[in-house]
Each structure stands twice: as structure tokens, then as C-alpha cells.
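# Analysis of the macromolecular model
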Amino acid sequence: MNHSTPLPLVNSWNEWDPLREIIVGVADRACFEPAEPGYRPALRDSDEPFPTGPKPAEMVDRANEQLDGLVRVLQGQGVTVRRPDALDLTRPLKTPTFEVANQYCVVCPRDVMITLGNEIVEATMSRRARYFEYQAYRKLVYSYWNADPRVAWTVAPKPSMADAMYREDFWEWPLEKRHAEMHNSEFCVTQDEVVFDAADMSRFGRDVLVQESMTTNRAGIHWLRRHLEPRGFRVHPVHFPLDFFPSHIDCTFVPLRPGLVLTNPERPLREGEERMFHDNGWELVEAPQPTSANDEMPRYCQSSKWLSMNVLSVSPSTVVCEEREKPLHDLLDKLGFEVLPVPFRDVFEYGGSLHCATWDVRREGTMEDYFPRLEYTPVAPAV
């Protein structure tokens, strides 16, 4: 790219280049996520039923206060921050193929939207309560698309989310069966329709990792390969076989800068999948144990303690981290990063932490090849 030419309004090729514009979620009108075939929320400390309906106002206010705090930190770094629309998520939802008691929230844009170069891709999503979550971002997407003809916009095929798309008995599988099936990457979503959440993807310039999980199936990965390969990308399915409930890669495998990935010591890559990193001089550094165990997480949080790893890179040398994760701060400091700590525990109950709660729209930089010693076989073209 000619450096005298301004960057497109939408431009992000990796997870670490200097950040210029980002979307931060909002907690307004959020609800507790309902039970459905793709998800069964449960309390950590009790057999009581999981709450239903709108979240209490004080819970929403606490989350919004911390989201607003993140906005101030990013603006202090010179980043333009925009926010999605606050949808009414409280009403029942009914389509020709499914119905659900209420929707969820718009705290985590990372799950729904992803920037791949100059293109915005809207994920299919995998859960009924999140089917229409994309609507919170439509005004923003239209503003980018209308303002710059270089911006591309793709909406992935919407799945039916009918009963047949799920294995409803998945949630009752005994541990032995679950362990056997997870090594075959068979989870609650079947392989018949294209299904993926954007947060199962991690960008490394020309190369994109996609985790096969409860929220992304092989059909979804195949669609991404067929869509992205003609645009010059290489798409790599990855697996973490010790994760019994894999969902979203950004608490498991987090690139911080060229040549460095923060990894989860309890969820190693499948044997052989680390080769592309070792062969190309990348260092895989294990994250320290989080400051709180699972039973000390917020009561309604459905994520694991490894939200500690869910950091946001402002540049290759600056990382935003949750304020209580001092062991991680110390590790990043030793690795040469400036750490920007922010309180974010009250956002955990909305499905994620700092990376989840953001969608980077514009970073400096262009497509780079960080894996020059890489053997890659494209998918066969359609006949």
C-alpha cells in the first residue's frame, strides 16, 4: 500500500497492530441467557435454576461503568471508540424454525463481527438467543460501508437453528463419552449447516486460525476457507483437545505481537498443530494461573477462570489487562509490554472480558506473511 494513501475506514489484519478505531459493547437491556439446545447455563455454586429474563438494573449499571472505563482508557491512547445500539432484548423471539424466551446482550461484539483486512464479516452465530444480535451493529456497518468504497461487507449464511442442528443429548453425555467425542470434535452443534462465531477466529496477517468448537463446526470452517482463500488468506483449523467445552479461542491462544503467542497451560494445541509456529520462529509462552479459581468468579459468569487471558492489544507493545491479574501483568512486563490495567470483573457475567467486549475496526498495517515457511493446501474448488 502507498503510505501516502489514507488507510481504509475498515482495516485490521491481525490482533496487535496499532489500534485506531474500535467498537466497545454496552450492557443496556441485557438478559440472562436462556437455556436452549446450543447452551445450558448453570450456577457454579448451586443446583438452583439459572435466572431468566432481564438482568437487574444494578448489575447492568456495574457492567456499563466498567465498559465506560475501558472506553476512557482507549480514548486516552488516541483510539476512536464507537458503541453499538442498545436493542430491546427482553421480548420472546419466534422464527419459523425456533423460538426462545428472550435474547441475550450486546456486550461482546467480538463474537458476532470480525474485520479481515478491509472486509467486515458477520458471523452466523450458533445460539438462538444471539441470532439477531447483529442488528446492534448494522448502523455502524452501514456508516463504514457508505463512507468508503474500499470497505467490503459479507454476511455469512444464516443457519436454521432448528432442533436438527443440535445434539440435544450432548449436555447429558457422561464424562467418558464426552472425552471420546471431543477428540472427534463432535459437540452440541452438528455438521449439517454452516455455523461459526467470529470469536473462534484469530488473525495473523495472511493466516487466520479457526477453532473447531461448540460454537464453530467443520462446515463453518470450510465456508470460511472457500470465502477467504480467493482473497489471499490461509485458514487453519485448530483444536484444543483438553478443553471439554471449547468456545471462542481468545481465552486459549492469544497472539500478542509478531512471533509471540500467549497460550493456556491447561489447553495445549493438538499435537502437530504447533508446528507452523515453531517452524516459523514463533514463541509460545504459557499464561500464569489466574488470580481466581472458577469458584471465585462472579456468580452468573459462564466463562472459565481463563478470562484472565482475554486481553486487548493496543499496539505490539501495549496491552490492556483486567486489573486483578497481577501475575499476568508481571509476565507481560518481563516480555517488554506496557500494561494498562482496568477493572472488568463485573463484565464477566456477560460472556467475556476485554477482547470479547470489543471489535477492532481499524488498525495500522497491511497484510503480512508471518509464516513464510508454511505448507498450505487450499480447499478444492467447487465443481
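Report on the accompanying structure.

Definitions and limits used
Residues numbered from 1 in each chain as written. Predicted model: local features only at pLDDT ≥ 70, side-chain atom pairs only at ≥ 80, totals over all residues. Heavy atoms only, no water. Phe/Tyr/Trp six-rings, centres within 6.5 Å; stacked < 30°, edge-to-face > 60°. Helix = DSSP H or I, 4+ residues; strand = E, 2+ residues; numbered from the N terminus. Disulfide = S-S within 2.5 Å. Buried < 20%, exposed > 50% of the residue type's maximum accessible area, 1.4 Å probe, protein only.

## Quick word on the packing of aromatic side chains
To describe a pair of aromatic rings, you give the distance between the ring centres and the angle between the ring planes. A complete count under the given rule lists 28 aromatic pairs for this structure. Aromatic side chains F240 and F253 sit 6.0 Å apart centroid to centroid with 45 degrees between the ring planes, which places their arrangement in the tilted category. A residue pair is termed long-range when its members are at least 10 positions apart, and F240 in the loop between β10 (234-238) and β11 (253-257) and F253 in strand β11 qualify at 13 residues. Relative to F371, the ring of W282 lies with its centre 5.2 Å away and its plane at 5 degrees, an arrangement referred to as stacked.

## Quick word on the state of the cysteines
This model, assessed by the stated rule, comprises 0 disulfides. With no disulfide partner, C321 has as its closest neighbouring cysteine sulfur the one in C251, 13 Å distant. Note on C321: relative accessible area 0%, which makes it buried.

## Brief notes about unusual backbone geometry
If you check the backbone angles, R29 has positive phi at about 60 degrees while not being a glycine. Residue position: R29 is located in the loop between β1 (19-24) and α1 (57-76). At H248, a position not held by glycine, the phi torsion is positive, near 80 degrees. As for its position among the elements, H248 is in the loop between β10 and β11. Owing to a relative accessible area of 11%, H248 belongs among the buried residues under this scheme.

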